[in-house]
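Close look at the chain arrangement
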Amino acid sequence: MAGLACGKPCTLGWKELRACASAYLRIQESVAATGVRVLSSPLKEDPRILAGESGAAPIGAVIALLADPNLSEIKNKLQLNKSSKILCFLTEGVTDRKSFLEIVWEGKYPSAI
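Here's what I pulled together on the structure shown here. These numbers come from a predicted model, not from an experiment. (Residues numbered from 1 in each chain as written. Predicted model: local features only at pLDDT ≥ 70, side-chain atom pairs only at ≥ 80, totals over all residues. Heavy atoms only, no water.)

Quick look at the nonpolar core now. With 9 residues, the main nonpolar core is built from Ala33, Val36, Leu39, Ala51, Ala56, Phe100, Leu101, Ile103 and Tyr109. Broken down by secondary-structure element, the contributors of at least two residues to this core are helix H2 (29–40) and helix H5 (97–104). (Core = buried A, V, L, I, M, F, W, Y, C linked by side-chain atoms within 4.5 Å. Buried < 20%, exposed > 50% of the residue type's maximum accessible area, 1.4 Å probe, protein only. Helix = DSSP H or I, 4+ residues; strand = E, 2+ residues; numbered from the N terminus.)

What follows is the structure in structure tokens.
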């Protein structure tokens, strides 16, 4: 997941993000992969969204926050609950079809939740 392996934040944006953010997460590849799988296999009338790992990472992070008891401290700090409204920006579609198929069809980066 090269797009998520940045190493260092952008120095131009980090100062502003750090000042405004209530919390931030460093996520495992499995969290982003969960986002890819969930978006590609929606429930009921939800639209199907084909997204790459970077684009699906925010959805995967929200799923992890809501489902993983180890993240309950962050979830509580953010006051996330059943009535929360969460806006995620999807920043890319499938840019690497081979990787997308490995995640969705072959189960690459299985969920830890």
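Mapped onto the secondary structure, Val38 falls in helix H2. Sequence spacing of Val38 and Ile59 is 21 residues, and the spatial spacing of their C-alpha atoms is 8.4 Å.

A few words on the pattern of salt bridges. A full pass over the atoms with the stated rule returns 2 salt bridges. Taking the shortest distance from any N to any O, the salt bridge between Glu102 and Lys98 comes out at 3.0 Å. Residue Glu102 and its partner Lys98 are both found in helix H5; the two are separated by 4 residues, about one turn of the helix. The class for Lys98 is exposed, based on a relative accessible area of 60%. Between Lys108 and Glu102 there is a salt bridge; the shortest N-O distance is 3.2 Å. Take Glu102: its relative accessible area is 16%, and that puts it in the buried class. Three or more residues are tied together by salt bridges with common partners; here these are Lys98, Glu102 and Lys108. (Salt bridge = Lys/Arg side-chain N within 4 Å of Asp/Glu carboxyl O.)

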